[in-house]
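Reading the structure
Single-letter residue listing:
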Amino acid sequence: MKTIPLGHSDLHVTPICLGTMTFGEQVAEADAHAILSRSLERGVNFIDTAEMYAVPARADTCGATETIIGRWFAKNPGARQKLVLATKVAGPSRGMPWIRQGAGMTAADIVASCEGSLRRLQTDVIDLYQIHWPERHVPAFGTKYYDPAKETTQTPIHEQLQALAGLVKAGKVRHIGLSNETPYGVHEFVRLAEQHGLPRVATVQNPYCLINRSYENALDESCHRLGVSLLAYSPLGFGLLTGKYDASGIDGPDAPQGARIASYASVRQQRWGRPEALAAARRYNALARAHGLTPAQLALAFCYTKWQVASTIIGVTSLAQLDDDLDAWGTTLSPELLAQIDAIRWELGDPAI
C-alpha cells in the first residue's frame, strides 16, 4: 500500500488505518499488542484511538485503550516513530460524566484531555488530534434531523481552534481533525482557521459504509473542495456487513457469541441495531456472494476503492480478522456491481445513518 497525504498536512498514511476501540473491552491487552505488532509488520502505519475508548463506553474502561497502546510503545522501542498516531478529545458528555466534570467541551477541557492522552499513550506528540464529536448540537449517532431547539453550545468554534493552536504551538499536536461532523462544521473550521491564521483541519472521521453513505449527501463535496480528507469508520457496519448476523439476527441464542452487536444491548439500541439496517445488510451480503465475494470483501473493497475515502479504519478482535481485512486490499468491484450497489441504496437509503 502506498501512503497518501491527509488534507493539506505533511502526514502521509496508509489507506488502511487500525482502529482500536475494541482494546480493553473485547480484546485483552496481550491480544491487542499482538494485533498492533502484526498490523505494523504488514505495513499499516496509521492507528486511531480516543480518550473515551474502550467501546461500549464505561467509566472503568475510559482511557484503557490509550493505556494499552502506550504500554505497547514502551515494549517496542522504535514503533512510535514508524506510526502516524491519531486520537480524539471527547465532545460534550452524551451521558458519560466520567470523561469530565462539565457538560460541555471548553478550551481548558481540550488542553486537559490532550495532556491525559499524551500521558496514557506514553508519547510526546499526537500526530492527528481530532474533536470526537462537535461541541454544538448536530444530527449524529443515529439522529437524522437537525433541531435548533436542542442547541446548548457554549464554546465557539474559534475558541476551540485557539485551544488546538496552542497545543500545536507547544509541540504536543502536529495536526488537527474533526469527527462526526457536518458540512457546516467543516466549512466553519476551515473558514475561521484561514481568517485567523490558525491550524487548518486535515481530516474528518465519519461513518461510511454500504448501509450508511450519508457522507455522500454534500459532505463529500465540501471536503473535496476544501482539501479535507475522509477517514471512514465502521466500514463493516459494526459487523452487519460480514454476514455473521444474516441467519441468526442480532440477538437470541443463535446470534454469534462475542460479536459486538450481539454482546451489548447498548449497541443494539443504536443505529446498527435497527431492523432496517440488518435487512439492508442482508441484501448487500447476498449481492457479494452472488459475485463470488465474501460480504466483508465487498464492504471493505467499497470503501478501499471510493475516491471519497483517504483511509479506511478497520476494527478487529483477532489476528485472523486483521489478516482478512488487510487481504481484502486490492479487491476490485466492476461497474456493474457498483451499479447494483447503488440500486439497493436507491431503494433502501441509509438505514444506519
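One can find the structure itself at the top, above this paragraph.
Below: a short report on this structure. All values derive from a computational prediction rather than experimental measurement. Counting restarts for each chain: residues are numbered from 1 in the order of the written sequence. With pLDDT at 70 or above as the cut-off, local features in this predicted model cover only qualifying residues; side-chain atom pairs require 80 or more to be listed or tallied, and sums for whole chains, interfaces and linings still use all residues. The basis for the side-chain values is all heavy atoms of the structure; hydrogens and waters are excluded.

1. Here's the deal with the layout of surface pockets
In this model, the largest pocket occupies a volume close to 1,100 Å³. Taken together, the elements giving at least two residues each to the lining of the largest pocket come down to α8 (265–268), α10 (295–305), β10 (309–315) and α11 (319–327). A class-by-class count of the residues in the lining of the largest pocket yields 21 nonpolar, 20 polar and eight charged. Points on a 1 Å grid over protein atoms alone make up a cavity when a 1.4 Å probe fits among them but cannot get out, and a pocket when they form an open set with protein on both sides within 12 Å along at least five of seven lines; lining residues each have an atom within 4 Å of a point. Grid points are joined across faces, edges and corners, and a volume is the space filled by probe spheres set on the points. Going along the chain from the N terminus, every DSSP run of H or I of four or more residues is numbered as a helix, and every run of E of two or more is numbered as a strand. Put simply, Ala, Val, Leu, Ile, Met, Phe, Trp, Tyr, Cys and Pro go in the nonpolar bin, Asp, Glu, Lys and Arg in the charged bin, and everything else, Gly too, in the polar bin.

2. Quick notes on the packing of aromatic side chains
Paired rings are identified among Phe, Tyr and Trp, the last through its six-membered ring, by centres lying within 6.5 Å, and are further divided according to the angle between planes into stacked (under 30 degrees), edge-to-face (over 60) and tilted (the rest). This structure, assessed with the given rule, holds six aromatic pairs. Three or more aromatic residues link up through ring pairs in this structure, and these residues are Tyr 208, Tyr 215 and Phe 302. Here, over-ring charges are defined by two tests on the NZ atom of lysine or the CZ atom of arginine: distance to the ring centre within 6 Å, and angle to the ring normal within 35 degrees. Arg 260 extends its terminal NZ or CZ atom over the ring of Phe 238, reaching a point 4.7 Å from the ring centre.

3. Describing the side chain of Ser 311
Within the secondary structure, Ser 311 sits in strand β10. If we ignore the near neighbours within four places in the chain, the residues touching Ser 311 are Val 13, Thr 14, Pro 15, Ile 16, Cys 17, Phe 46, Leu 230, Leu 231 and Ala 232. In this analysis, two residues are considered to be in contact whenever any of their non-hydrogen atoms come within 4.5 Å of each other.

4. With respect to the pairing of strand β7 (residues 173–179)
Classification of residues uses two cut-offs on accessible area relative to the type maximum, computed with a 1.4 Å probe and protein chains only: under 20% is buried, over 50% is exposed, and between them is partly exposed. Where burial is concerned, most of β7 is hidden: six out of the seven residues are buried. If the strands point away from the viewer and the path from the first strand over the helix to the second runs clockwise, then the crossover is right-handed. Where the polypeptide runs from strand β6 (residues 126–131) across helix α4 (residues 157–169) and back to β7, its parallel neighbour, the crossover connection is right-handed. Where β7 lies against strand β8 (residues 201–207), four bridges are found, and the strand directions are parallel. Within β8, the residue paired with Leu 178 across the bridge is Val 204. Being paired, for any two strands, means DSSP has found at least two bridges between them.

5. Points about the nonpolar core
By size, the foremost hydrophobic cluster in this structure holds 100 residues, and its most contacted members are Tyr 129, Ile 211, Leu 240 and Ile 341. Ranked by residue count, the leading element in this core is α10, at eight residues. Apart from residues lying up to four places away in sequence, Tyr 129 is in contact with Thr 87, Lys 88, Val 89, Ile 110, Ser 113, Cys 114, Leu 164, Leu 167, Val 173, His 175, Ile 176 and Gly 177. We call a set of buried Ala, Val, Leu, Ile, Met, Phe, Trp, Tyr and Cys residues a nonpolar core when their side-chain atoms join them within 4.5 Å. Ranked by size, the runner-up nonpolar core spans 12 residues in total, among them Val 13, Phe 46, Ala 86 and Leu 231.

6. Describing the pairing of strand β5 (residues 84–89)
Within β5, six of the six residues are buried, leaving the element largely enclosed by the surrounding structure. Burial along β5 is two-sided: the residues Val 84, Ala 86 and Lys 88 and Leu 85, Thr 87 and Val 89 are all buried. Here strand β4 (residues 46–48) runs beside β5; their pairing, made up of three bridges, is parallel. What sits directly across from Ile 47, in β5, is Leu 85. Crossover handedness for the path β4 to helix α2 (residues 64–75) to β5: right-handed. Relative to β6, β5 runs parallel, the two being bridged by four bridges. Counted as the bridge partner of Ala 86 is Leu 128 from β6. As for the winding sense of the linkage, the β-α-β connection from β5 through helix α3 (residues 107–121) to β6 is right-handed.

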